[in-house]
Number of protein chains: 2
Amino acid sequence: MTVAGLSDARMAELAVPVADGDVTDESLQEIAARAAWSSVAEPGDGAAGGVVAALGASATMRLLSSRGSTARIRGLCEEQGLGEITEAVLSAWVSGVTRWRSRFDADAVVEAFGRARSSGARLAVPGSPSWPSRVDDLGVHAPLALWVRGRALAGEFGRSIALVGARAATGYGEHVTLEASSGLVDRGFAIVSGAAYGIDGMAHRAALADGGTTIAFLAGGVDRPYPSGHTALLARIATTGAVYAEVPCGVAPTKWRFLQRNRLIAAASAATVVLEAGARSGSLNTAGHASSLGRPLGAVPGPVTSVASAGCHRLLREYDATCVTSAAEMAELAASGSSTDVGGPGSDRPSRSVEAEQILGALSRRRAASVSELAEATGLISGDVQAVLGLLDLEGTVRESGGGWTRV
Amino acid sequence: MTVAGLSDARMAELAVPVADGDVTDESLQEIAARAAWSSVAEPGDGAAGGVVAALGASATMRLLSSRGSTARIRGLCEEQGLGEITEAVLSAWVSGVTRWRSRFDADAVVEAFGRARSSGARLAVPGSPSWPSRVDDLGVHAPLALWVRGRALAGEFGRSIALVGARAATGYGEHVTLEASSGLVDRGFAIVSGAAYGIDGMAHRAALADGGTTIAFLAGGVDRPYPSGHTALLARIATTGAVYAEVPCGVAPTKWRFLQRNRLIAAASAATVVLEAGARSGSLNTAGHASSLGRPLGAVPGPVTSVASAGCHRLLREYDATCVTSAAEMAELAASGSSTDVGGPGSDRPSRSVEAEQILGALSRRRAASVSELAEATGLISGDVQAVLGLLDLEGTVRESGGGWTRV
């Protein structure tokens with residue numbers, strides 16, 4: 001059986017040099033198929049995630065090159081010993097898989113494995129030693145595979161905290177981040193962040209300076225340091241900690257991939273703290289993911305006269321974030337989440353689905369977007385987009401006007 | 001019938017020139033007796049409040065000069081047509097009244113009325129035009145009477161907000177207070193505060209500068225401007241707004257009276273906002289009262305590097321205060337309380353009784369206090385002090401050590 005010129009065996013062979021930990025021949029095939037999928041579907045695609053969860057990655061890959069018909073899927077379901085599947089689910093699965101067909105490129109898959117090998121990246125899947133198990137809480141939106149540069153981390157994610165914030169940081173924000181990161185390292189925490197300029201960079205640097213473990217999640221491939229000004233910083237992070245990405249090596253970051261990368265930062269960490277953020281900072285998206293997942297969410301207040309702290313204050317007001325003013329309070333916040341698997345601050349308010357967060361992330365306040373544009377941007381099926389927009393409309397979060405939908 | 005040389009008729013005569021609004025002969029007697037009580041019992045004394053609520057102020061005053069025996073109270077209960085009263089309640093009432101006996105001084109009562117007359121103060125009781133009806137929510141701890149200097153306020157308390165904070169304000173705190181007070185006046189709010197230096201003073205001044213109504217509650221008599229540096233400010237407040245006090249004219253403020261004054265600020269206003277406060281600022285006591293009463297409570301964040309904002313951050317963390325960053329958000333906060341009479345932010349957490357707040361206010365973190373010292377400081381009966389300490393001990397808020405009780 002080959003997928004557009006790439007046999008299962010060939011993919012497994014490509015995966016051997018990069019697989020994270022000890023793997024069997026059988027699991028290698030599945031690992032390779034997951035990696036191949038991650039070069040086809042966009043990160044966080046729930047439809048693909050659902051099919052892979054049901055049929056396995058190899059079978060889902062094979063659907064790409066077959067006609068991907070309902071009959072074919074029904075056959076695969078029988079092979080997998082799955083019970084009765086409704087027509088609606090089958091048809092959703094078909095469209096979930098086949099809409100990515102045009103993006104499959106065997107050469108790109110081979111190249112991604114080659115780049116990974118030459119840049120020393122490893123490939124982790126659920127169960128691999130380097131897999132951050134908390135991301136499984138994302139359900140069908142969990143990553144299928146993760147590429148890792150750096151040290152093999154074991155328990156580090158257990159006691160980890162995401163320190164994030166705006167690129168446009170002030171001296172105040174940087175100072176607060178330095179103190180927080182350093183104090184949390186002293187308390188045995190690994191510092192997770194996004195390697196951006198400003199708050200993220202300071203969080204990583206302070207952790208490195210104190211000899212702590214720090215972990216970066218990138219929106220592009222782990223072999224493409226981004227921003228390029230942080231190439232040396234990312235190399236240092238990989239020496240003692242690790243750099244993760246969901247997309248294969250060589251892939252460029254995009255707006256959508258940044259938003260999806262944010263969900264990994266929130267999901268992989270025991271708690272998320274926003275240290276300084278303007279009212280529209282991307283770090284609020286990370287905070288939204290943490291809140292949706294029921295992870296403890298903290299925000300560091302700042303002067304109300306500083307627009308650079310307006311986003312943090314919004315989190316305190318609208319997301320029920322906990323006000324944290326010191327490393328000790330952040331450590332306490334992270335501990336508050338461990339006792340209850342879901343729950344913690346923010347769990348009282350109705351949490352939005354990952355789809356809703358995706359759509360909100362893709363909507364603008366000014367330019368109206370059509371349902372099909374939103375479906376394309378989010379990788380969701382039009383029907384799902386419409387259903388979620390309806391709910392958000394009821395919430396008063398989005399509005400339909402002449403040309404399409406905007407955020408309120 | 002005379003009370004230690006002061007007949008009901010004589011007291012009513014004294015009250016005539018200061019009574020707020022139109023009153024009948026009969027209500028004058030009751031008003032005068034409430035005023036006389038307020039020169040005997042300490043503000044907020046729940047035992048006296050309970051007896052006055054049941055028997056009326058005149059009858060309670062007469063108990064002072066009689067032996068105040070259980071038999072005498074039982075007789076009064078019958079006169080008032082009250083139903084069956086248990087021995088325990090009767091005995092609590094006797095001790096509630098008689099422990100103030102030694103403080104009754106007919107000359108002091110006469111002098112207080114004279115001072116009020118000459119300083120242009122009026123005497124308000126529940127139902128008077130100047131009475132802030134929200135204070136009735138304090139129950140047995142509601143004031144029996146209030147002395148007022150200034151304009152007769154009618155609906156102003158309806159749309160009022162307490163802006164409070166530390167005396168040791170920074171430029172940041174003063175700036176934020178100026179903006180808040182001015183913006184709230186623009187939105188039609190009356191500004192309630194405590195006339196202290198720092199945040200309180202700025203709240204009053206900004207309201208006056210914008211031609212708004214502002215109201216000060218003092219811990220001493222309204223004829224004793226405190227702090228003396230705010231004599232002119234208080235005179236200006238009385239010109240367009242009003243200055244209130246629970247204690248009669250001539251009475252000096254004490255620590256206990258400041259704490260009780262704080263309960264009036266919180267109770268009289270639709271919402272309370274702390275603008276800048278250190279970790280041990282007295283304004284946190286006002287916030288505690290607001291929270292206990294289920295009034296919306298807001299706190300303005302500041303830099304976490306500023307000790308002057310540590311109290312505000314504590315309110316956000318521990319009291320579930322709402323983060324407010326602008327006058328618009330404060331107006332919204334006040335509106336959130338109107339829809340539900342009790343409730344609003346903070347109503348989820350178990351609220352402390354007024355007694356508990358009194359005892360906490362009287363406890364120190366360093367010097368241990370005995371039950372009898374606490375009873376004296378709070379005007380509560382020893383048995384009540386002990387019961388409340390037990391509850392606070394369970395909460396982990398207080399601790400008993402060798403010599404007595406301390407706050408944790």
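Definitions and limits used
- Residues numbered from 1 in each chain as written.
- Chains lettered and ligands numbered in written order.
- Predicted model: local features only at pLDDT ≥ 70, side-chain atom pairs only at ≥ 80, totals over all residues.
- Heavy atoms only, no water.
- Pairing = 2+ DSSP bridges.
- Helix = DSSP H or I, 4+ residues; strand = E, 2+ residues; numbered from the N terminus.
- Least-squares fit on C-alpha atoms with pLDDT ≥ 70 in both.
- Contact = heavy atoms within 4.5 Å.
- Domains from an automatic or database assignment.
- Buried area = accessible area lost by both parts, 1.4 Å probe.
- Nonpolar A, V, L, I, M, F, W, Y, C, P; charged D, E, K, R; others polar.
- Buried < 20%, exposed > 50% of the residue type's maximum accessible area, 1.4 Å probe, protein only.
- Right-handed = clockwise from strand over helix to strand, strands pointing away.
- Salt bridge = Lys/Arg side-chain N within 4 Å of Asp/Glu carboxyl O.
- Patch = residues over 30% accessible without salt bridge, like charges linked within 9 Å, V, L, I, M, F, W, Y side chains within 5 Å.
- Areas by Shrake-Rupley, 256 points an atom, 1.4 Å probe, with all protein chains shown as cover.
- Lys, Arg positive; Asp, Glu negative; His and termini not counted.
- Charge placed at Lys NZ, Arg CZ, Asp CG, Glu CD.
- Core = buried A, V, L, I, M, F, W, Y, C linked by side-chain atoms within 4.5 Å.
- Polar contact = N/O pair within 3.5 Å; in protein donor to acceptor, adjacent residues only side chain to side chain.
- Axes fitted to C-alpha atoms, helices over the stretch in contact; angles between N-to-C directions.
- Parallel < 35°, antiparallel > 145°, perpendicular 65-115°, else oblique.
- Left-handed = near helix turned anticlockwise from the far one by under 90°.

Chemist: What is the right way to read the sheet that holds strand 6 (residues 190-193) of chain A from this model?
Modeler: By definition, the strands of a sheet pair up through backbone hydrogen bonds, in either a parallel or an antiparallel sense. Strand order in this open sheet of nine strands is 3-4-8-7-6-5-9-10-11 (chain A), and the pairing throughout is mixed. Across the chains shown, the open sheet's two edge strands, defined by having one partner strand only, are strand 3 (122-124) and strand 11 (322-323) of chain A.

Chemist: Would you mind showing me how to read the relation of the copies chain A and chain B here?
Modeler: Both copies of the chain are related through a single rotation about an axis accompanied by a shift along the same axis. By a simple turn and slide, chain A fits onto chain B: the slide is 0.0 Å along the axis, the RMSD is 0.1 Å, and the turn is 180°. Taken together, these values place the two copies in the relation of a two-fold axis. Interface overlap between copies is the fraction of interface residues in one copy that are interface residues in the other; for chain A against chain B it reaches 100%, indicating a shared surface.

Chemist: Would you explain the domain arrangement of chain A in this entry?
Modeler: Interface size is commonly expressed as the accessible surface area that is lost when the partners come together. All names here are of chain A. For chain A, the assigned domains read domain 1 (2-17 + 24-112), domain 2 (155-212 + 254-339) and domain 3 (354-407). For domain 2 versus domain 3, the separation of C-alpha centres amounts to 27 Å. Contacts between the two partners involve nine residues from domain 2, matched on the other side by eight residues from domain 3. Carbon and sulfur atoms make up 46% of the area that domain 2 and domain 3 hide from each other, which totals about 750 Å². Put simply, the parts of the chain that give the side of domain 2 that touches domain 3 at least two residues each are helix 11 (255-268) and helix 12 (283-292). Broken down by element, the residue count for the side of domain 2 that touches domain 3 peaks at four residues, all from helix 11. The residue makeup of the side of domain 2 that touches domain 3, split by class, is two nonpolar, four polar and three charged.

Chemist: Mind showing me how you'd approach the sheet that holds strand 11 (residues 322-323) of chain B here?
Modeler: All names here are of chain B. With mixed pairing, nine strands are arranged side by side in an open sheet as 3-4-8-7-6-5-9-10-11. Unpaired on one side and paired on the other, strand 3 (122-124) and strand 11 mark the two borders of the sheet. One ladder, built from four bridges, connects strand 7 (residues 214-218) with strand 8 (residues 242-245); its direction is parallel. Along strand 8, the bridge assignment pairs F217 with Y244.

Chemist: Mind showing me how you'd approach the pairing of strand 5 (residues 160-164) of chain A here?
Modeler: As a general feature of sheets, a regular strand has side chains that alternate between the two faces. Residue and element names in this part refer to chain A. In terms of burial, strand 5 is a largely internal element, five of the five residues being buried. Burial along strand 5 is two-sided: the residues S160, A162 and V164 and I161 and L163 are all buried. Across three bridges, the pairing between strand 5 and strand 6 is parallel. Within strand 6, the position partnered with S160 by the bridge is A190. Crossover strand 5 to strand 6 through helix 8 (residues 171-186) is right-handed. Sheet topology places strand 5 next to strand 9 (residues 271-274); four bridges connect them, and they run parallel. Within strand 9, the position partnered with V164 by the bridge is V274.

Chemist: Sorry if this is basic, but what is going on with the interface of chain A and chain B here?
Modeler: Counting residues at the interface gives 18 residues for chain A and 18 residues for chain B. When chain A packs against chain B, close to 1400 Å² is buried across both sides, 67% of that on carbon and sulfur atoms. Interface area lost by chain A to chain B is led by V304, R317 and C323 of chain A, which between them contribute 42%. Across the pair R317 of chain A and E332 of chain B runs a salt bridge whose closest N-O atoms are separated by 3.3 Å. Residue assignment for the side of chain A that touches chain B shows that the elements contributing at least two residues are helix 8, helix 13 (310-318), strand 11 and helix 14 (327-339) of chain A. Its residues assigned to classes, the side of chain A that touches chain B comprises nine nonpolar, six polar and three charged.

Chemist: I tried to follow a positive patch on the surface on my own but got confused; where do I start?
Modeler: Residues and elements named next belong to chain A. A cluster of basic side chains, namely K255, R280, R365 and R366, defines a positive patch on the protein surface. Relative to the helices and strands, R280 resides in the loop between strand 9 and helix 12. Take R280: its relative accessible area is 60%, and that puts it in the exposed class.

Chemist: Mind showing me how you'd approach the nonpolar core here?
Modeler: It is characteristic of soluble globular proteins that their nonpolar side chains tend to be buried jointly. Core analysis: the biggest nonpolar cluster contains 72 residues, and F217, Y244 and L315 of chain A together with F217, Y244 and L315 of chain B have the highest contact counts within it. Excluding residues within four positions of it along the chain, L315 of chain B makes contact with V274, L284, A287, L297, A299, D320 and A321 of chain B.

Chemist: Could you clarify how one ought to interpret the side chain of S58 of chain A in this entry?
Modeler: Residue and element names in this part refer to chain A. Along the chain, S58 turns up in helix 4 (residues 57-65). A polar contact of 3.1 Å, which involves the side chain of S58, links it to the side chain of E30. Those residues in contact with S58 that lie beyond four places of it in its chain are Q29, E30 and A33.

Chemist: Explain the packing of helix 1 (residues 8-15) of chain A against helix 7 (residues 106-118) of chain A to me, please; I cannot follow it from the model alone.
Modeler: Angle between the axes and distance between the axes: these two values describe a pair of packed helices. Residues and elements named next belong to chain A. Direction vectors running N to C along helix 1 and helix 7 enclose 15°, while the axes themselves pass 9 Å from each other. Of the possible angle classes, the one that applies to helix 1 and helix 7 is roughly parallel. By crossing handedness, the relation of helix 1 to helix 7 is classed as left-handed. Only V110, F113 and R117 of helix 7 make contact with helix 1, whose side of the interface consists of R10, L14 and A15. A class-by-class count of the residues in the contact of helix 1 with helix 7 yields four nonpolar, no polar and two charged.

Chemist: How should I be thinking about the pattern of salt bridges in this particular structure?
Modeler: Think of it this way: side chains of opposite charge can pair up when their charged atoms draw near. Taken as a whole and judged by the stated rule, the model has 28 salt bridges over all chains. For the salt bridge of R295 of chain A with D137 of chain A, the shortest nitrogen-to-oxygen distance reads 3.0 Å. Here D137 of chain A lies in the loop between strand 3 and strand 4 (146-150) and R295 of chain A lies in the loop between helix 12 and strand 10 (297-299), a separation of 158 residues in the sequence. Between R122 of chain B and D20 of chain B there is a salt bridge, and its shortest N-O distance comes to 2.8 Å. Within this pair, whereas R122 of chain B is found in strand 3, its partner D20 of chain B is found in the loop between helix 1 (8-15) and helix 2 (25-38), the two being separated by 102 residues in sequence. Take R122 of chain B and D20 of chain B: they sit in the same class, and that class is buried.

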